[in-house]
Amino acid sequence: VQLQAYGGGLVQAGGFLRLSCAASGGTFSNYALAWFRQAPGKEREVVAALRWNGGRYAYADSVKGRFTISRDSAKKTMYLQMNSLNPEDTSVYYCAARITWTTNWRTASEYDYWGQGTLVTVSS
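In this text the structure is predicted, and so the values were computed from the model without any measurement.

**Remarks on the overall build of the protein**
Then, in step 1: Looking only at helices and strands, the protein features zero helices and eleven strands.
Then, in step 2: Moving toward the C terminus, one meets the helices and strands of the protein in the order β-β-β-β-β-β-β-β-β-β-β.
Then, in step 3: What you see for the protein is a C-alpha radius of gyration of 13 Å, in line with the 14 Å of a compact globule of 124 residues.
Then, in step 4: The principal-axis extents of the C-alpha atoms in the protein amount to approximately 40 × 25 × 25 Å.
Then, in step 5: The buried share among the 124 residues of the protein stands at 44%.
Then, in step 6: The long-range fraction of contacts in the protein, counting pairs at least 24 apart against all pairs at least 6 apart in sequence, stands at 57%.
Then, in step 7: About 6200 Å² of surface is accessible on the protein, with carbon and sulfur atoms providing 46% of the total.
Then, in step 8: Of the side-chain charges in the protein, 13 are positive and 8 negative, and the distance between the mean point of each set is 7 Å.

In structure tokens form, the structure reads like this:
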């Protein structure tokens, strides 16, 4: 399984960005995919997760109501729409995958596949 994240950039506070994660090399039917982020000097934390075949969407409390995770099965691409961005959202964002949904979706070590990061910088 290969994951490639892109779409990061510099945005002003209050603005928006959409990240994409192109997936390949797997069937993805029962996969769990997630977005994590890691700011300098901080641990990697989950942002949001979904089950590829639908029915499960989960968000970290810090992004609920502002971020939306989604996927396009035909394009094998996962998205993270980020609205109302603030400087605390500045991080390198990573997409990750595992072959089944887990109740431990918040835990980075539960994921087997990772894409490279894409940097999101929110200026005040």
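**Things to note about the pairing of strand β5 (residues 45-51)**
Then, in step 1: Taking burial as the measure, the seven residues of β5 include five buried ones, the bulk of the element.
Then, in step 2: In this structure, strand β4 (residues 32-38) lies alongside β5, joined through six bridges in antiparallel fashion. Paired with Ala32 across the bridge in β5 is Arg51.
Then, in step 3: Counting the residues in the hairpin turn of β4 and β5 gives six residues, including Gly41, whose phi is positive at 75 degrees.
Then, in step 4: The sheet contact formed by β5 and strand β6 (residues 57-59) spans three bridges and is antiparallel. Bridging from a neighbouring strand, Ala49 pairs with Ala58 of β6.
Then, in step 5: The hairpin formed by β5 and β6 contains five residues between the paired strands, and Gly54 there has a positive phi angle of roughly 95 degrees.

**Description of the sheet that holds strand β1 (residues 2-6)**
Then, in step 1: Within the open sheet, the four strands sit side by side as β1-β3-β8-β7. Their pairing is antiparallel. Every interior strand has two partners, whereas the edge strands, β1 and β7 (67-72), have only one. Across the sheet, the mean angle separating the axes of adjacent strands is 15 degrees when strand polarity is ignored.
Then, in step 2: Here β1 pairs with strand β3 (residues 17-24) via five bridges, running antiparallel.

**Considerations on the pattern of salt bridges**
Then, in step 1: This model, assessed by the stated rule, comprises five salt bridges.
Then, in step 2: Put simply, Glu45 and Arg37 hold a salt bridge, and the shortest N to O gap is 2.7 Å.
Then, in step 3: In this structure Glu45 comes out as partly exposed when scored by relative accessible area, which is 36%.
Then, in step 4: The partner of Lys64 in a salt bridge is Asp61, and the shortest N-O contact between them spans 3.3 Å. Each member of the pair, Lys64 as well as Asp61, carries the same accessibility label: exposed.
Then, in step 5: Taken together, the salt bridges that share partners define one network made up of Arg37, Glu45, Arg66 and Asp89.

Quick notes on the rules
- Residues numbered from 1 in each chain as written.
- Predicted model: local features only at pLDDT ≥ 70, side-chain atom pairs only at ≥ 80, totals over all residues.
- Heavy atoms only, no water.
- Helix = DSSP H or I, 4+ residues; strand = E, 2+ residues; numbered from the N terminus.
- Rg over C-alpha atoms; globule rule 2.2 N^0.38 Å.
- Buried < 20%, exposed > 50% of the residue type's maximum accessible area, 1.4 Å probe, protein only.
- Contact = heavy atoms within 4.5 Å.
- Areas by Shrake-Rupley, 256 points an atom, 1.4 Å probe, with all protein chains shown as cover.
- Lys, Arg positive; Asp, Glu negative; His and termini not counted.
- Charge placed at Lys NZ, Arg CZ, Asp CG, Glu CD.
- Pairing = 2+ DSSP bridges.
- Axes fitted to C-alpha atoms, helices over the stretch in contact; angles between N-to-C directions.
- Salt bridge = Lys/Arg side-chain N within 4 Å of Asp/Glu carboxyl O.

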